[in-house]
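Each chain, letter by letter, is given below.
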Amino acid sequence: MSDASAPPTSALSVLMVASEAQPYAKTGGLADVTGALAAALARLGHAVTMVMPRYRVVDAAGRGGRRLPLTMGGRAFEVGLVEVPHGPRERVVLVECDELYDREGLYGAGGQDHPDNAVRFGVLSRAALEYAVGLESPPSIVHAHDWQTGLVPVLLRTRYSADPVWRRIPSLFTIHNLAYQGVFPAETLSALDLGSELLSIDGLEFWNQVSFLKGGINFADTLTTVSPAYAREIRTPEYGEGLEGLLVHRQQVLTGILNGIDTDTWNPWTDPYLPAPFSAADLGGKRFAKRAVLTRYGLPDDATAMARPLIGMVSRLVGQKGLDLVWEGRGALAAMDAAFVVLGSGERRYEEMWRDLAAAHPTRIGVRVGFDEGLAHLIEGGADLFLMPSRFEPCGLNQMYSMRYGTVPVVRATGGLDDTVRPFDPDTGAGTGFTFHEYRSSAMLVALEAALALYARPARWRALQQAGMRQDFSWDASAAAYVHEYRKVIDRRREADGERGE
Ligand code: ADP
């Protein structure tokens, strides 16, 4: 290529393996991150191939690409590899295997995990590497994400370690959430064609079981997680989920890189889900979004309702997200002169809690149980405040979406929330949101009350909204940080390989 958009000569080729990626399949922030990171790397001139399963929900043309005979644990799988071009320098490879992926739910259905998840994601990991082995030139680096692809680094250093080309290729493993570990019975090893020697403390063994996440942490050449604060926290018993010792052991290669957000998809000036555009310079359109949300939830939208602060929550309704603080403080929350709009699904008791609250306060509390991308955008646009009282939060995206939409976040200062939301300082007016530290309902209520008090002072409130809207949460800096890590580990691996060869 000779045009100006040609990649730099030092361009890398990255093989990413992930269990979800936008725009193909999403259950949470992981998909936003993998999709946006791949695009940002491509914009920087690097080639990215994203390998992921073809779930039933994946809406992409083309079926039945290259066939890949794959046997695992004595079982033969009919695997197809469908290449989907996805913009310059970006390609998605869908791993087709209907018996594993063509079903309801990415990870489970009806509140139950799919019982064969170990095999489903074992096949994904194997297929990704087999696909890359079949390419003319190997990738510069393999980047795996979360427990579902924890076997990728393991396979590189076991099954492929004798290959002179592949043993030079480093792997980077990103922990998006340490709480999900992919732990299976010890017998699973043989179903995955992995040797029993891996059932050891420096292998995959975790309390006599097999942990995919531990495999990724142990075998990857380098590790990242999704915020600097979370990188520190997970080395402590409070946040380490039993893996803090191992993470301390590997801390030399563990870096926190803050996620960016997709600033095209999440742009209040161009967002098709909003009734009117708005920006930091022109906030006028935001009130149309507020009215639209109130209407969608069947809440009154008269002058009183429009003047009342509207608190939004879009979240998986699970303990991690601080729902027990909401539960404890539900009486005080409902008594506030504020309205709530909630979108989420998860544990039944939290879904019921919100439904009960909505039934008791039908003019001020609205709840939708389910997943609705458009409504999530509308809430970000229409709410005045956004509540995220997380017990832990590796990075969190919604607080960044909120700030970009002039919706002031009220968050517990943990993980990425601590790294992205600067607490409002009443003396100087500086800051971008409200934070609290102690994991107690009373601390959350104090922060919310402070936010509501400021809401009553429109000029100061507007300044706070605008400060948030002017933050730069784009992927550019984060993608450059990943490239830096890639290059570091590529050099390190080469040196190590050279030394071994001498
Ligand atoms: P996590 O990955 O832990 O769920 P994040 O804040 O990192 O949390 O990312 C959550 C992502 O999922 C955001 O893009 C958010 O808007 C979206 N999301 C969560 N629940 C829902 C829902 N019920 N409907 C639509 N989007 C949702």
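The model shown is predicted, which means the values in this text are computed figures rather than measured ones.

Trainee: Would you mind showing me how to read unusual backbone geometry here?
Mentor: Apart from glycine, the bulk of residues carry a negative phi angle, and the bulk of peptide bonds sit in the trans form. Cis geometry is adopted by the peptide bond preceding P23, which originates at Q22 and carries an omega value of 5 degrees. Positive phi, normally seen in glycine, also occurs at D193, with a value near 60 degrees. You can see D193 is positioned in the loop between α5 (188-191) and β11 (205-206). With a relative accessible area of 36%, D193 lands in the partly exposed category. A positive phi angle, near 50 degrees, is found at E241, a position not held by glycine. Inspection of the secondary structure assignment puts E241 in the loop between α7 (228-233) and α8 (244-249).

Trainee: Hey, could you run me through the pattern of salt bridges in this one?
Mentor: Side chains bearing opposite charge may pair, as long as their charged atoms lie close to each other. Going through the model one piece at a time under the given rule, you end up with 21 salt bridges. Close ionic contact of R126 with D193 constitutes a salt bridge, the shortest N to O distance being 3.8 Å. One end of the pair, R126, is in helix α3 (residues 117-133); the other, D193, is in the loop between α5 and β11, with 67 residues separating them in the sequence. Three or more residues are tied together by salt bridges with common partners; here these are R54, R67, E78 and E96.

Trainee: Is there a simple way to think about the side chain of T432 in this case?
Mentor: With respect to the element layout, T432 can be found in the loop between α16 (415-420) and β20 (434-436). The exposure class of T432 is buried, given its relative accessible area of 1%. When neighbours within four sequence positions are excluded, T432 is seen to be in contact with M403, V408, P409, T420, V421, R422, L464, A467, G468 and Q471.

Trainee: What should I look at first to understand helix α6 (residues 212-219) in this one?
Mentor: What sets the pattern is the α-helix's 3.6 residues per turn: residues three or four places apart point alike. Most of α6 sits out of view: eight of its eight residues are buried. Among the residues of α6, those classed as buried are F212, L213, K214, G215, G216, I217, N218 and F219. Between a side-chain oxygen at the N-terminus of α6 and the backbone nitrogen of L213 the separation is 3.4 Å; the capping residue is S211.

Trainee: Could you clarify how one ought to interpret the sheet that holds strand β14 (residues 254-256) in this entry?
Mentor: As a general point, the strands of a sheet are linked pairwise by backbone hydrogen bonds and lie either parallel or antiparallel. On the basis of which strands lie adjacent, the open sheet formed by nine strands has the order β3-β4-β5-β2-β1-β8-β9-β13-β14 and mixed pairing. Taken across any chain shown, the strands that pair with only one partner, and hence form the sheet edges, are β3 (66-72) and β14. Between one strand and the next, the sheet's axes are offset by a mean angle of 25 degrees, whatever the strand orientation. Inspection of the sheet shows strand β8 (residues 141-145) paired to strand β9 (residues 171-175) by four bridges, in the parallel sense. If you follow V142 over to β9, its bridge partner there is S171. Across the sheet, helix α1 (residues 29-43) touches β1 (13-17), β2 (47-53), β5 (90-96) and β8, and the angle it forms with β2 is around 155 degrees. α6 contacts β9 and β13 (222-225) of the sheet and is inclined by roughly 135 degrees relative to β9.

Trainee: I would appreciate a short explanation of the packing of aromatic side chains in the present structure.
Mentor: Two measures describe an aromatic ring pair: the distance that separates the ring centres and the angle between the ring planes. Applying the stated criterion to the full structure yields 14 aromatic pairs. For the pair W266 and Y405, a centre-to-centre distance of 6.0 Å together with 70 degrees between the ring planes defines the contact as edge-to-face. One end of the pair, W266, is in the loop between β14 and α9 (286-296); the other, Y405, is in the loop between α15 (398-404) and β19 (408-412), with 139 residues separating them in the sequence. By relative accessible area, which is 4% here, W266 ends up buried. Of the aromatic side chains, those joined through ring pairs into one cluster are Y107, F121, W147, F184 and F212. Seen from the ring of W327, R330 lies directly overhead, with NZ or CZ sitting 3.7 Å from the centre.

Quick notes on the rules
- Residues numbered from 1 in each chain as written.
- Predicted model: local features only at pLDDT ≥ 70, side-chain atom pairs only at ≥ 80, totals over all residues.
- Heavy atoms only, no water.
- Helix = DSSP H or I, 4+ residues; strand = E, 2+ residues; numbered from the N terminus.
- Buried < 20%, exposed > 50% of the residue type's maximum accessible area, 1.4 Å probe, protein only.
- Salt bridge = Lys/Arg side-chain N within 4 Å of Asp/Glu carboxyl O.
- Contact = heavy atoms within 4.5 Å.
- Polar contact = N/O pair within 3.5 Å; in protein donor to acceptor, adjacent residues only side chain to side chain.
- Pairing = 2+ DSSP bridges.
- Axes fitted to C-alpha atoms, helices over the stretch in contact; angles between N-to-C directions.
- Phe/Tyr/Trp six-rings, centres within 6.5 Å; stacked < 30°, edge-to-face > 60°.
- Lys NZ or Arg CZ within 6 Å of the ring centre and 35° of its normal.

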